[in-house]
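Overview (structure and organization)
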Amino acid sequence: MADPRSAGAPTVLRVVLGKRLQDLRERAGLSFERAAAALDVTHATIRRMEKAEVGLKIPYVEKLLATYGVTDQREIDGFLSLAREANRPGWWHRFRDVLPEWFSAFVSLESEANLIRSYQPHYVPGLLQTEDYAAAVLRAGMPHAAPADIDRIVALRMERQALLTRENAPMLWSVMDETVLRRPIGGPKVMRDQITRLMEATSMPNVRLQVMPFAAGPHPAMYGPFHIFRFPIPELPDIAYAESLVGAVYFDQRNDVSQFLEALDRMCAQAAPAHTTEAILGGFRKEI
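As a starting point, this report considers the structure included with it. (Residues numbered from 1 in each chain as written. Predicted model: local features only at pLDDT ≥ 70, side-chain atom pairs only at ≥ 80, totals over all residues. Heavy atoms only, no water.)

1. Overview of the pairing of strand β3 (residues 207–212)
Across a regular strand the side chains alternate sides, sitting on one face of the sheet and then on the other. Of all six residues in β3, five are buried; the element is thus mostly enclosed. In this structure, strand β2 (residues 171–177) lies alongside β3, joined through six bridges in parallel fashion. Across the sheet, residue D177 finds its bridge partner in β3, namely M212. (Buried < 20%, exposed > 50% of the residue type's maximum accessible area, 1.4 Å probe, protein only. Helix = DSSP H or I, 4+ residues; strand = E, 2+ residues; numbered from the N terminus. Pairing = 2+ DSSP bridges.)

And the structure:
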């Protein structure tokens, strides 16, 4: 996966085209050095194109396709059209004043995934937060941020949520620790409204929520929150995401991602079944 800290976090389409360029080069039996010679660039440039760490310059792409033996004009035109599309900034680009570069990649992955799984030990999943809850969470996590910046990030979070009700919406399957429901955030009214929002979400056909109760004891993901994205695109493997205070790490190697998947599968078996979640939420709402 491209380094999300590098300039210009990649869109998913750019990642896909980078993998296709790699496949074409390998099928042609060319090394990085020989491909680079065709462009009069260093082999590092070819590597970065394939890893989606740089934008796809159209003249470079045209020359590489010719070097790799692609002669069908329709295939060439289609690839170039996709490359131009991949170079356009995502809808979230207008929030670039408050959006860290390492999180831009997350929003791109989230927008293109058909399955989003996560474990949330501290907060309600961002895609299901109310505005007031999101603002309270952000103020706690970013105590030095200007109020206007908090408002902008909340607006971005609310806009991200639109993907759950769009056509061909992804499946969201999240396991929340019981701590999420017991930690008071923003005051009683904010928490009641947030739990009501979660209860409403359980009736959505593409949302599955589970609660990991304290009584379940230790579980495989006690080290922290993470997400796993799955895509309807053959070139893209499952990608896992883990965040820290100062950045994030994206994993796309099979051995790494499989550990996240196994941990989440074990947790889903330990957590309360999805069909009982609404009743659990209702119980917590009455406590507030």
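Moving on from the model shown.
2. Let's talk about the pattern of salt bridges
If you walk through the whole model with that rule in mind, you get 16 salt bridges. The partner of E159 in a salt bridge is R94, and the shortest N-O contact between them spans 2.3 Å. Taken together, the positions of E159 in helix α8 (residues 147–160) and R94 in the loop between α5 (73–87) and α6 (101–112) put the pair 65 residues apart, joining distant regions of the chain. Accessibility expressed as a relative area gives 30% for E159, which makes it partly exposed. Overall, R94 belongs to the partly exposed group, its relative accessible area being 44%. In this structure, D265 engages R117 in a salt bridge whose closest nitrogen and oxygen atoms are separated by 3.0 Å. (Salt bridge = Lys/Arg side-chain N within 4 Å of Asp/Glu carboxyl O.)

3. Structural notes on the packing of helix α2 (residues 32–39) against helix α3 (residues 43–50)
Following both chains from N to C, one finds α2 and α3 inclined at 100 degrees, their axes separated by 7 Å at the closest point. If you check the angle between α2 and α3, you find them roughly perpendicular. Here F32, E33, A35, A36 and L39 of α2 come into contact with α3, specifically with H43, I46, R47 and E50. Here the residues of the contact of α2 with α3 sort into five nonpolar, one polar and three charged. (Axes fitted to C-alpha atoms, helices over the stretch in contact; angles between N-to-C directions. Parallel < 35°, antiparallel > 145°, perpendicular 65-115°, else oblique. Contact = heavy atoms within 4.5 Å. Nonpolar A, V, L, I, M, F, W, Y, C, P; charged D, E, K, R; others polar.)

4. Observations concerning the environment of P121
Here P121 is to be found in the loop between β1 (115–120) and α7 (131–141). For the pair formed by P121 and V211, sequence separation is 90 residues and the distance between their alpha carbons is 9.9 Å.

5. So, α5
Between its terminal C-alpha atoms α5 stretches 21 Å, which fits the 21 Å expected from 15 residues at 1.5 Å a residue. Of the positions making up α5, those classed as buried are I76, F79, L80, A83 and A86. Angular distribution of buried residues about the axis of α5 spans 120 degrees; they occupy a single face of the element. The backbone nitrogen of R74 lies 2.9 Å from a side-chain oxygen of the residue at the head of α5, namely D72. (Expected span 1.5 Å × (residues − 1). Arc of directions from axis to C-beta. Polar contact = N/O pair within 3.5 Å; in protein donor to acceptor, adjacent residues only side chain to side chain.)

6. What about the packing of aromatic side chains?
Under the criterion given, the structure shown has 10 aromatic pairs. Aromatic side chains F251 and F260 sit 5.3 Å apart centroid to centroid with 40 degrees between the ring planes, which places their arrangement in the tilted category. You can call F260 buried: its relative accessible area is 11%. Chaining the aromatic ring pairs together yields one cluster made of W102, F103, F106, F229, Y241 and Y250. Directly above the aromatic system of W173 lies the positively charged group of R117, at a separation of 4.4 Å from the ring centroid. (Phe/Tyr/Trp six-rings, centres within 6.5 Å; stacked < 30°, edge-to-face > 60°. Lys NZ or Arg CZ within 6 Å of the ring centre and 35° of its normal.)

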